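# Survey of secondary and tertiary structure
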Protein chains: 2
Amino acid sequence: MLTAEVYIMPKASVSDPQGLAIKHALESLGYKNLNQVRIGKLIIIKLDSQDKKTAGQQVENICRQLLANTIIEDYSFKIKED
Amino acid sequence: MLTAEVYIMPKASVSDPQGLAIKHALESLGYKNLNQVRIGKLIIIKLDSQDKKTAGQQVENICRQLLANTIIEDYSFKIKED
């Protein structure tokens, strides 16, 4: 079995109100040294597959087809063996 | 500047309907070798700080105080130098 960890973040040029809200909440809790907070998605996919190369292509397709909105989001992923 | 990458996932014992919905959507797109899909949050915090050890303690506190609901979520993080 292989595990894919997919990281999806809003592009740097896209505003991230949820991240900004977390930053403000943390500042009101007394954390004053925060430069930026951004929030994205972490998706963990367990694949019944042995071949890392094929799995990588599959996860690339999955990201483009369903998981990431490439207009406003960047994605990256790692494939690990269990 | 330091960058903290915080990973927050639902605990293994907690159901994850959003992950299940993605799994079903991918299966209907033809991906048949999926064992499990789970979805969590990726939070990237840029800290105006130089000391990795202090930053680690700070991010640990931030996770417990605000970012993670430790009843239903697990968290982990990495601190990287920019």
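What you see is a predicted model, and the numbers here were worked out from it, not measured in a lab.

## So, helix H1 (residues 17–28) of chain B
Between its terminal C-alpha atoms H1(B) stretches 16 Å, which fits the 16 Å expected from 12 residues at 1.5 Å a residue. Looking only at H1(B), the buried set comprises Gly19(B), Ile22(B), Lys23(B) and Leu26(B). Viewed end-on, H1(B) has its buried residues packed into an arc of 100°, placing them on one side of the element. More than 90 degrees from the buried face of H1(B), the exposed residues found are Pro17(B) and Ser28(B). Check the buried side of H1(B) and you find it contacts helix H2 (52–67) of chain A together with strand E2 (34–47) of chain B.

## Remarks on H2(A)
Taking 1.5 Å as the rise per residue, H2(A) with 16 residues should run 22 Å; its terminal C-alpha atoms sit only 20 Å apart, a clear shortfall. Of the residues making up H2(A), those classed as buried are Ala55(A), Gly56(A), Gln58(A), Val59(A), Ile62(A), Cys63(A) and Leu67(A). All buried residues of H2(A) lie within an arc of 165° about the axis, which places them on one face of the element. Along H2(A), the residues that are exposed and aim more than 90 degrees away from the buried face are Lys53(A) and Arg64(A). Summarising the contacts, the buried residues of H2(A) are in contact with strand E1 (2–10), strand E2 (34–47) and strand E3 (73–81) of chain A together with H1 and E2 of chain B. Among the residues of H2(A), the N-terminal cap falls to Asp51(A), whose side-chain oxygen and the backbone nitrogen of Lys53(A) are separated by 3.1 Å.

Calculation criteria
- Residues numbered from 1 in each chain as written.
- Chains lettered and ligands numbered in written order.
- Predicted model: local features only at pLDDT ≥ 70, side-chain atom pairs only at ≥ 80, totals over all residues.
- Heavy atoms only, no water.
- Helix = DSSP H or I, 4+ residues; strand = E, 2+ residues; numbered from the N terminus.
- Expected span 1.5 Å × (residues − 1).
- Buried < 20%, exposed > 50% of the residue type's maximum accessible area, 1.4 Å probe, protein only.
- Arc of directions from axis to C-beta.
- Contact = heavy atoms within 4.5 Å.
- Polar contact = N/O pair within 3.5 Å; in protein donor to acceptor, adjacent residues only side chain to side chain.

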